[in-house]
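Observations on chain architecture
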Amino acid sequence: MRDADGRGLVGVGLRSAHFPRLLGCPRTPVRWFEALSENYMDSEGRPLEVLLKIREDYPVALHGVSLSVGGVEGPRPGYLARLKRLAERAEPFLITDHLCFTGAHASNLHDLLPLPYTEEAVRVVAANVGRAQDALGRTIALENVSSYLTYPESEMAEWEFLTAVARRAGCKILLDVNNIYVSAKNHDFSAEIYIDAVPAKLVAQIHLGGYSDMGTFLFDTHSRAPTQPVWDLYRRAIRRLSGAPVLIEWDEDVPPWETLEAQAVKAAALREEALAQPA
Amino acid sequence: MPSPLEALQRRFVSAVAEGDGALAAAVRGGGRLSPAEAVAVYVRGYPARLTEALGETFQVCWRVLGDENFFAACRDYIAGHPSRSHNLSDYGSDFPACLGARPDSVQAPFLEDLARFEWAFKELFHKAPHDGLAAARLAAAAGPASRLRLGSASVLLALNHRVYGIWRRDRADDTPLRPRDWEGAERLLLYKAGSNPVFVRELPVPEHAALSALEKGLPLGEALAAADGLDEAGARTLFAFLAESGLIAAVAP
């Protein structure tokens, strides 16, 4: 994923709106794609065909939303086997999901629900990550989620929880800079302290995305380009995390390819700029 | 006795899926949100996601019903049907029956059939194309006693109303539907012909009967005999289609 001009680390989310364009093999500075695991693990049709075609030319990461790694019931039966089958076919350089729970087996809420930052939650997540990594035969990475509420019983800061989980579970971190910003504003903590506290060697990937300001809180909508404060945090993060692949994530109101591509170019340029500055 | 984490997660699921208000007492709101407002962010997101999933699968039902009626149908369906799958696109298998039982069906009695068609189309879209037998091989192998197995990427539908024309209608065509647009039964074959596009073929009653018999495992001769009204020319046309489309995946003597 690294190429001569140093731009090789920036990718974008693979979205069906861009399939026709991408199948035309355009020249693009985008160097890799992230595919939503659930969109492909149950499909043998056109979506999987396109993913495997893209994979012939680009590295791919698989990003899930339903592992429910923080759920007390653990992953749903059959989920890991399906994910493994997809991974065998797509050969991703990384498999990721979210540090959250998504509901219960009998009622999947299809949301990234926040966990309390407790020792019990660390234990549950570590056990579930262990099951996932055993089933998949590889290390996965977990992403910090945006949240709109917290729990009084939390025993540590979010970044301490994220780090404790990764260390205990033996997994990596997908650091979503936008989510850090959203949660920092919502819960009144320092995003800079968070960024600086996460051990660089644990970070396997960085996400950048856009949020919506709802007036009374920030909402993680992934429906627009990253905002200036998120770019500023990214500049700070990338100096410590220069080896991590970076992804522009845009899930709602997906823009034309050129708009998405321009964000990837910007991320690559800012990375070069940040790395060129003296420490 | 559930652990603290288990109890919290149960409360969260109850709050979002069933509207139980107890969770608000156990959280702090983010931003300038009160605890109840913060919980409401998650509560609102749940039906929105499931409605979006239903809208994606049942696009034409949505168009026919209009926003207000479609969203009302979604609300009622979601209230009684939690999602049990990891995949949102699995949601809605019982939605056709739900539409059929609604008052909207008095004005548009074809809704359940239209929804059944859309669900079948979505399911087939995600199936792998099967390897169909080449025409020459099928012709050489098939005799009256042989059993022709339809490929896995195919679905036969017998509907009480004509919905394919409604489904095919141009999105921009807002001419009101009239009973003549849907009145009459319809038999359809949805299939993939060796690659991923989904094809739809309207079947005369005898062809549908013959293919249904083949699907049940009857020998070719019996399947054709079971198809009332299928004369020799019709049988030849059907066989030519089977050979050309790659619909048959295997022939057993």
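Rules behind the numbers
Residues numbered from 1 in each chain as written. Chains lettered and ligands numbered in written order. Predicted model: local features only at pLDDT ≥ 70, side-chain atom pairs only at ≥ 80, totals over all residues. Pairing = 2+ DSSP bridges. Helix = DSSP H or I, 4+ residues; strand = E, 2+ residues; numbered from the N terminus. Axes fitted to C-alpha atoms, helices over the stretch in contact; angles between N-to-C directions. Contact = placed C-beta atoms within 7 Å. Buried ≥ 20, exposed ≤ 12 C-beta atoms within 10 Å, placed from the backbone. Nonpolar A, V, L, I, M, F, W, Y, C, P; charged D, E, K, R; others polar.

Here we look at the sheet that holds strand S3 (residues 154-159) of chain B
Residue and element names in this part refer to chain B. Spatially, S3-S4-S5 is the arrangement adopted by the three strands of the open sheet, whose pairing is antiparallel. The two strands at the open ends of the sheet, each matched to only one other strand, are S3 and strand S5 (198-202). Sheet twist, expressed as the average angle between the axes of neighbouring strands with direction ignored, equals 20°. Where strand S4 (residues 186-192) and S5 come together, five bridges link them in antiparallel fashion. Counterpart to Leu189 in the pairing with S5 is Arg201. Packing of helix H6 (residues 111-125) onto the sheet brings it into contact with S3, S4 and S5, and relative to S3 it is tilted by some 180°. Packed onto the sheet, helix H10 (residues 205-215) meets S3 and S4 and runs at close to 130° relative to S3.

What to know about the pairing of S4(B)
All names here are of chain B. Summarising burial for S4: seven of the seven residues are buried, a large majority. Residues Glu186, Leu188, Leu190 and Lys192 line one face of S4 and the alternating positions Arg187, Leu189 and Tyr191 line the opposite face, and both faces are buried. Bridge count for S3 against S4 is six bridges, and the pairing is antiparallel. Looking at the pairing, Val155 lines up with Leu190 of S4. Taken together, S4 and the strand that follows it, S5, pair antiparallel across an intervening segment of five residues, in which Gly194 is found at a positive phi of about 80°.

A closer look at the environment of Ala158(B)
Residues and elements named next belong to chain B. Its place among the elements puts Ala158 in strand S3. Assessed through the 15 C-beta atoms surrounding it within 10 Å, Ala158 is described here as partly exposed. Measuring from C-alpha to C-alpha, the distance between Ala158 and Glu56 comes to 23 Å, with 102 residues separating the pair along the chain.

Comments concerning the interface of chain A and chain B
With 39 residues of chain A in contact, the opposing surface of chain B contributes 38 residues. Contributions of two or more residues to the side of chain A that touches chain B are made by helix H3 (46-57), strand S5 (101-104), strand S6 (107-113), helix H5 (119-136), strand S8 (149-150) and helix H7 (177-187) of chain A. Per-element accounting of the side of chain A that touches chain B gives the leading share, six residues, to S6(A). Looking at side-chain class alone, the side of chain A that touches chain B contains 16 nonpolar, 14 polar and nine charged residues. Pairing analysis gives two bridges linking S8(A) to strand S1 (residues 28-29) of chain B, with the strands arranged antiparallel. In the strand pairing of S1(B), Thr150(A) is matched with Arg28(B).

A few points about unusual backbone geometry
Residue and element names in this part refer to chain A. Although it is not a glycine, Ser68 adopts a positive phi angle of roughly 50°. You can see Ser68 is positioned in the loop between strand S3 (60-63) and helix H4 (79-90). Judged by C-beta crowding, with 28 C-beta atoms within 10 Å, Ser68 ranks as buried. One non-glycine residue, Glu91, adopts positive backbone phi at about 45°. Inspection of the secondary structure puts Glu91 in the loop between H4 and strand S4 (94-98).

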